[in-house]
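# Residue-level structure breakdown
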Amino acid sequence: MDVHHGMTGITADQLKQAHDADLAIQGEEQVTFEQAWADPDSGVVYCLSEAPDAAAVQRIHQRAGHPADEIHPVPLTI
């Protein structure tokens, strides 16, 4: 799970464009972006992905033009 700050006022269309930019290149780092959520008022965006490591997620986000401010590995699932 990663978090982006400072995206105040983001619209649904802008969120989709950012997500689509990640999807277009995610395979190059063996990342699979599952979903993104945004709160336009606070400017916080959350992205859920599966990846070999946090660095791969960050490389995709950087190349797509929106580096993550936080990346939280979540190693346990049920």
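Coordinates for the structure precede this section.
Note that this is a predicted model, so its numbers are computed, not measured.

## Describing the layout of surface pockets
- Looking at the largest pocket, its volume works out to about 270 Å³.
- If you trace the largest pocket, you find 15 residues lining it, with Met1, Ser49, His72, Pro73 and Val74 closest to the centre.
- Elements that contribute at least two residues to the lining of the largest pocket include exactly strand 3 (44-50) and helix 2 (54-64).
- Looking at the lining of the largest pocket element by element, the count peaks at 3 residues for strand 3.
- Looking at the lining of the largest pocket residue by residue, the classes come out as 10 nonpolar, 3 polar and 2 charged.

## Quick look at helix 1 (residues 12-25)
- Look at helix 1: 21 Å from first C-alpha to last across 14 residues, which is about the 20 Å you get at 1.5 Å a residue.
- Buried residues of helix 1: Leu15, Ala18, His19, Asp22 and Ile25, and no others. One side of helix 1 holds all its buried residues, which, seen down the axis, span an arc of 140 degrees. Exposed side chains of helix 1 directed beyond 90 degrees from the buried face belong to Ala12 and Ala24.

What counts as what
- Residues numbered from 1 in each chain as written.
- Predicted model: local features only at pLDDT ≥ 70, side-chain atom pairs only at ≥ 80, totals over all residues.
- Heavy atoms only, no water.
- 1 Å grid on protein atoms, 1.4 Å probe; cavity = no way out; pocket = protein on both sides within 12 Å on 5 of 7 lines; lining within 4 Å.
- Points joined across faces, edges and corners; volume = space filled by probe spheres on them.
- Helix = DSSP H or I, 4+ residues; strand = E, 2+ residues; numbered from the N terminus.
- Nonpolar A, V, L, I, M, F, W, Y, C, P; charged D, E, K, R; others polar.
- Expected span 1.5 Å × (residues − 1).
- Buried < 20%, exposed > 50% of the residue type's maximum accessible area, 1.4 Å probe, protein only.
- Arc of directions from axis to C-beta.

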